[in-house]
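# Geometric and topological summary
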Amino acid sequence: MELILCKNYDEISERGANIIARAMIDKPDCILGLATGSTPVGMYKRLIEMNRASWIDFSRTTTFNLDEYYPISPENSQSYRYFMNENLFNHVNIDKKNTYVPNGSAADAEAECKAYDAMIENSRGIDIQVLGIGINGHIGFNEPDENLITGTHLTALTESTIEANARFFDSKDEVPRHALTMGIGSIMRARKIILLASGKNKHDAVMKLLDGKLTTACPATMLKLHPDVILICDEAAYNG
Ligand code: F6R
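Computed from a predicted structure; not experimentally measured.

Quick notes on the rules
- Residues numbered from 1 in each chain as written.
- Predicted model: local features only at pLDDT ≥ 70, side-chain atom pairs only at ≥ 80, totals over all residues.
- Heavy atoms only, no water.
- Helix = DSSP H or I, 4+ residues; strand = E, 2+ residues; numbered from the N terminus.
- Expected span 1.5 Å × (residues − 1).
- Buried < 20%, exposed > 50% of the residue type's maximum accessible area, 1.4 Å probe, protein only.
- Contact = heavy atoms within 4.5 Å.
- Phe/Tyr/Trp six-rings, centres within 6.5 Å; stacked < 30°, edge-to-face > 60°.
- Polar contact = N/O pair within 3.5 Å; in protein donor to acceptor, adjacent residues only side chain to side chain.
- Pairing = 2+ DSSP bridges.
- Axes fitted to C-alpha atoms, helices over the stretch in contact; angles between N-to-C directions.
- Near = heavy atom within 4 Å.
- Areas by Shrake-Rupley, 256 points an atom, 1.4 Å probe, with all protein chains shown as cover.
- Nonpolar A, V, L, I, M, F, W, Y, C, P; charged D, E, K, R; others polar.
- Core = buried A, V, L, I, M, F, W, Y, C linked by side-chain atoms within 4.5 Å.

For the rest of this paragraph, the subject is helix H2 (residues 41-52). In this model H2 runs 17 Å from its N-terminal to its C-terminal C-alpha over 12 residues, within 8% of the 16 Å that 1.5 Å per residue would give. For H2, the tally of buried residues reaches 9 of 12 residues, placing the bulk of the element in the interior. Looking at the packing, one finds that the buried side of H2 touches helix H1 (9-26), strand S2 (31-34), helix H3 (80-87), strand S6 (128-131) and strand S9 (192-197).

Here it is in structure tokens:
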């Protein structure tokens with residue numbers, strides 16, 4: 001795992017955006033795996049600026065998002081589909097029909113997960129996967145557990161994740177208790193992975209990424225088995 005240590009959040013956003021921009025320039029029809037949450041927002045802003053300056057072109061880009069609350073309507077302003085439209089897709093020249101987010105309003109969650117995996121498999125595969133990291137070490141919504149699941153699946157959110165995400169809702173009670181998430185296998189199949197971590201509260205999780213151990217109690221440690229992972233973190237996350 002390569003480490004890029006940044007001074008602050010702005011530098012993380014810049015470094016992350018530069019890696020994605022490079023990939024988009026080298027491969028105009030590249031496939032991006034994207035994340036929501038607060039961490040990638042600055043990077044998406046930077047990508048929007050680059051697109052406006054005509055440095056990068058999204059017209060041939062395809063995206064697959066990691067996860068979505070379940071159940072939730074895509075029109076709901078708390079949905080990850082809405083988040084992606086607001087924070088990236090509405091502001092760049094991407095064709096929305098090439099942007100995929102698990103459907104949080106699917107009647108049959110299991111069928112939706114199977115269909116999502118099939119879509120990824122039938123694509124040319126994810127070139128770069130963007131990840132944030134949970135305080136508890138989750139990636140996507142692969143929460144700490146005895147077993148981790150390889151494919152896209154319906155999962156229950158842990159209390160720690162519900163508490164961490166309550167900041168986006170009026171109250172903790174409104175946070176959905178379930179989500180659809182790509183599995184660890186889907187994430188590990190990406191050719192390249194960049195993981196962004198910012199802030200003191202990510203310090204413990206970041207330290208577990210940098211020690212020599214793998215544990216399902218910190219799902220992000222599975223990334224140590226991937227040949228091309230870049231951890232982009234700021235001093236607060238690194239030093240605690
Ligand atoms: C979001 C996702 C989550 C977040 C993680 C960190 O699509 O998959 O794993 O990346 O919860 O969230 P923030 O960035 O809000 O701290």
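For the rest of this paragraph, the subject is the packing of aromatic side chains. One pass over the structure, following the stated rule, counts 6 aromatic pairs. With centroids separated by 4.9 Å and ring planes inclined at 15 degrees, the aromatic side chains of Phe-64 and Tyr-100 adopt a geometry described as stacked. Within this pair, whereas Phe-64 is found in strand S3 (residues 62-65), its partner Tyr-100 is found in strand S5 (residues 99-100), the two being separated by 36 residues in sequence. Within the aromatic cluster, the residues linked to one another by ring pairs are Tyr-69, Tyr-80, Phe-141 and Phe-169.

With respect to the helices, strands and loops of the structure, His-91 is situated in the loop between H3 and S5. With 40 residues separating them in the primary sequence, His-91 and Asn-51 have C-alpha atoms 8.7 Å apart. Ignoring any residue separated from it by four or fewer positions in sequence, one finds His-91 in contact with Ile-48, Asn-51, Arg-52, Asn-85 and Glu-86. Reaching out from His-91, the side chain makes a polar contact with the backbone oxygen of Glu-86 at a distance of 2.6 Å.

Backbone-to-backbone hydrogen bonds pair the strands of a sheet. The strands run either parallel or antiparallel. Taken in spatial order, the 3 strands of this open sheet run S4-S8-S7, and their pairing is antiparallel. Looking along the sheet, the strands with just one partner apiece sit at the ends: strand S4 (67-70) and strand S7 (153-156). Across the sheet, the mean angle from the axis of one strand to that of its neighbour is 30 degrees, orientation sign disregarded.

As a further point, take the site of the ligand. The environment of the ligand is formed by 14 residues, the closest being Thr-39, Asp-67, His-138, Gly-140 and Lys-202. Between His-138 and the ligand, the recorded distance is 2.7 Å, taken from a side-chain N or O atom to an oxygen atom. Gly-140 places a polar main-chain atom, nitrogen or oxygen, 2.8 Å from an oxygen atom of the ligand. For the ligand, whose accessible area on its own is 410 Å², the fraction buried by protein is 94%. The residue makeup of the shell around the ligand, split by class, is 3 nonpolar, 8 polar and 3 charged.

Core analysis: the largest hydrophobic core is formed by 59 residues, its most contacted members being Leu-47, Leu-88, Ile-194, Leu-195 and Ile-232. With 7 residues, the top contributor of residues to this core is H1. With residues near it in sequence (within four places) discarded, Leu-88 still touches Leu-34, Tyr-44, Leu-47 and Ile-48. Grouped together as the second largest cluster of nonpolar side chains are 10 residues, Ile-72, Ile-162, Val-175 and Ala-179 included.

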